[in-house]
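# Breakdown of the fold
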Amino acid sequence: MRELTVPTIDVSAFRAPGDDGRDEIARQVDRAAREVGFMQVVGHGADPDALSAFTRAMDAFFALDLDVKNAYRCPPGVNRGYSPPKSEALRGSLGLASAADLFEAMNIGTSAADFPGADLPADDYAPNVFPAEIPGFEAATTRWFAEAGAVARVMMRIFGRALGLGEDYFAAFDRHPVDVLRMNNYRLPSADVELEPDQEGMGAHTDYGMVTVLWADPVPGLEIHLDGRWHPVMPRADGLLVNLGDALARWTNDQWISTMHRVAPPRVGGRLVPRRSAAYFHDGDVDAVIACLPGCVTDDRPVAYEPITVGEHLRAKLDGSRGRRLNPAAGREAARLAGA
Ligand SMILES: O=C(O)CCC(=O)C(=O)O
Ligand SMILES: [Fe+2]
């Protein structure tokens, strides 16, 4: 079994004018997308000051009392606001029953008001709820939302080039995207507490959208599932993790991987330690249809997925993880976990 390395890719040539170096980067990204589905991206251009201000705002929010945070909960069908520990189970997005995950989260995302004139479903583009107790929370989180969103868009340009479709190809799915920034805190009872053997920080799942830009503390916990087993991934302190979502697996007929991943309760030297992360999900327009690209179907590789809208796919996945109604439509993803 091969040792797994998540490749590091410097994407700065896609932020500079001109074509120099772009084909080589697209080649590296294509290889990473086929073999791993995750990459450690450096040269991404996101502002480190914006990241520091953002993580401070996150910490201040998660430090509030649970009853204060609970005032910012939204219904399960609205992917915004606060999720307390043990309120979601990501394996539900795969149609698999499990104990609830340990993490707590705070979500912000795009709202209908961001796209005047577009007729958008209210639940998918709900207004944000910002905690009044933390001055500057809205400014710091929306700033990182923009920085991470810019990285996601650079990656979509690279994907278009790598697939031979042109750097602008995926802009057609990015007119009023459902984008969400999920701040995760793997809040653990205490460093001395023994967890149940099957208790996970965040249960196994694939990400639901086009691409995810993930910042995480350089602390163990994240694991990706490839070749039938789980491999630990340590986030680089100087980079951002980028992973492909289900839309790219569907477009490419599984030539590119929407990698299964999970977060184990974070431990260093056997002791539980704090860990935070923030995932920016660039999911595409709610009404965009994701259908297999014609060039990705061959006699040996028949169409694996029926066309689906972004909205339908997100709804089935979120009903599974947030609504705790097991997703009946994720058999192909769930089958990959068999034997793990
Ligand atoms: O905390 C992490 O490293 C991963 C989080 C994640 O997979 C997610 O929020 O979808
Ligand atoms: Fe994820």
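Residues numbered from 1 in each chain as written. Chains lettered and ligands numbered in written order. Predicted model: local features only at pLDDT ≥ 70, side-chain atom pairs only at ≥ 80, totals over all residues. Heavy atoms only, no water.

## Structural notes on the overall build of the protein
This is how it is decided: Helical segments are the DSSP runs of H or I of at least four residues, strand segments are the runs of E of at least two, and each set is numbered from the N terminus. Radius of gyration means the value over C-alpha atoms here, while the globule rule gives 2.2 Å times the residue count to the 0.38 power. Partly exposed describes any residue whose relative accessible area lies between the buried limit of under 20% and the exposed limit of over 50%, with all areas from a 1.4 Å probe on protein chains only and scaled to the type maximum. Residue contacts are defined here by distance: any two heavy atoms, one from each residue, within 4.5 Å place the two residues in contact.
When its secondary structure is counted, the protein shows 7 helices and 16 strands. Taking 340 residues into account, the globule formula puts the C-alpha radius of gyration at 20 Å, and the protein, at 19 Å, falls close to it. C-alpha extents for the protein along the principal axes are approximately 55 × 50 × 35 Å. Counting only residues that meet the buried cut, the protein has 56% of its 340 residues in that class. Contacts spanning at least 24 positions in sequence make up 78% of the contacts within the protein whose residues lie at least 6 apart.

## Some thoughts on the coordination of the iron ion (ligand 2)
Four donors placed tetrahedrally about a metal ideally form angles of 109.5 degrees, and six donors placed octahedrally ideally form angles of 90 or 180 degrees. Filter applied, for reference: Coordination partners: N, O, S within 2.8 Å of the metal, 3.2 Å for Na, K and Ca; water not considered, so apparent gaps in a site are possible.
Surrounding the iron ion (ligand 2) are the protein donor atoms H205 (NE2), D207 (OD) and H261 (NE2), which sit 2.1 to 2.2 Å from the metal. Positions of the donor residues of the iron ion (ligand 2) along the chain correspond to the pattern H-x1-D-x53-H. You can see D207 sitting in the loop between β6 (202–205) and β7 (211–216) and its partner H261 sitting in strand β11 (residues 260–263), a full 54 residues away along the chain. Considered together, D207 and H261 belong to a single accessibility category, that of buried residues.

## Structural notes on the nonpolar core
Threshold: Put simply, a nonpolar core is a bunch of buried Ala, Val, Leu, Ile, Met, Phe, Trp, Tyr and Cys residues held in one set by side-chain atoms that sit within 4.5 Å of each other.
Counting residues in hydrophobic clusters, the biggest one holds 90 residues, and the most contacted among them are M39, M155, F159 and W251. Counting 6 residues, the second largest nonpolar core, distinct from the first, contains A204, M260, A334 and L337.

## Some words on the site of ligand 1
Note the threshold: The rule for a residue being near a molecule or strand is that one of its heavy atoms must lie within 4 Å of it. By the criterion applied in these results, polar contacts are pairs of N or O atoms within 3.5 Å in which, for protein atoms, one can donate a hydrogen and the other can accept it, and in which residues neighboring in sequence qualify only through two side-chain atoms. Using a 1.4 Å probe, accessible areas were evaluated by the Shrake-Rupley method; residue-level cover was limited to the displayed protein chains.
As a matter of local geometry, ligand 1 sits amid 14 residues, with R182, Y186, H261, R275 and S277 nearest to it. Here an oxygen atom of ligand 1 sits 3.1 Å away from a polar atom, N or O, in the side chain of N184. Between ligand 1 and Y186 there is a distance of 2.5 Å, counted from an oxygen atom to a side-chain nitrogen or oxygen. Contact with the protein chains removes 99% of the 300 Å² of surface that ligand 1 exposes when unbound. Where the shell around ligand 1 is concerned, the elements lending two or more residues are β5 (177–185), β6, β11 and β14 (276–285). By residue number, the principal contributor to the shell around ligand 1 is β14, which donates 3 residues.

## A closer look at the environment of V36
Here V36 shows up in the loop between α1 (22–35) and β2 (38–42). We classify V36 as buried; its relative accessible area is 3%. With near-sequence residues (within four places) excluded, V36 lies in contact with L4, T5, V6, P7, I224, L226, I257 and T259.

## Here's the deal with the sheet that holds β6
Let me state the cut-off plainly: When DSSP finds two or more bridges between two strands, those strands count as paired. A fitted line through C-alpha atoms represents every axis, and for helices the fit uses only the stretch in contact; the resulting angles, taken between N-to-C directions, go from 0 to 180 degrees.
Spatially, β6-β11-β8-β9 is the arrangement adopted by the 4 strands of the open sheet, whose pairing is antiparallel. Of all the strands in the sheet, the pair left with one neighbour each is β6 and β9 (229–232). Between one strand axis and the next, the sheet turns by 25° as a mean value, whatever way the strands run. Strand direction decides the pairing type here: β6 and β11, joined by 2 bridges, are antiparallel. Among the inter-strand pairings, H205 is bridged to a residue of β11, identified as H261.

## Observations regarding the confidence of the model for the protein
Quick reminder of the rule: Per-residue confidence from the predictor is reported as pLDDT, which spans 0 to 100.
With 96% of its residues at a pLDDT of 70 or more, the protein shows a mean pLDDT of 94. Interface confidence for the predicted complex, given as ipTM, is 0.99, next to a pTM of 0.97.

## Side note on the packing of aromatic side chains
The line we're drawing: Here is the rule: rings of Phe, Tyr and Trp (six-membered ring for Trp) pair when centre to centre is within 6.5 Å. Planes less than 30 degrees apart are stacked, more than 60 are edge-to-face, and the remainder are tilted. Sitting over a ring, as applied to charges here, requires NZ of Lys or CZ of Arg to be within 6 Å of the ring centre and within 35 degrees of the ring normal.
This structure, assessed with the given rule, holds 13 aromatic pairs. Between F54 and W144 the ring centres are 6.0 Å apart and the planes differ by 15°, which places this aromatic pair in the stacked class. Of this pair, F54 sits in helix α2 (residues 48–62) while W144 sits in helix α4 (residues 137–162), and the two are 90 residues apart along the sequence. As far as burial versus exposure is concerned, F54 and W144 are alike and both buried. Aromatic pair F115 and Y125: ring centres 6.1 Å apart, planes at 85°, arrangement edge-to-face. Pair noted here: F115 is in the loop between β4 (104–109) and α4 and Y125 is in the loop between β4 and α4, with a separation of 10 residues, a long-range link. Comparing F115 with Y125 shows no difference in burial state: the two are buried. Among the aromatic residues, ring-to-ring pairing joins F61, F62, Y82, F130 and F137 into one connected group. The aromatic ring of F14 is capped on one face by R22, whose charged end is 4.8 Å from the ring centroid.

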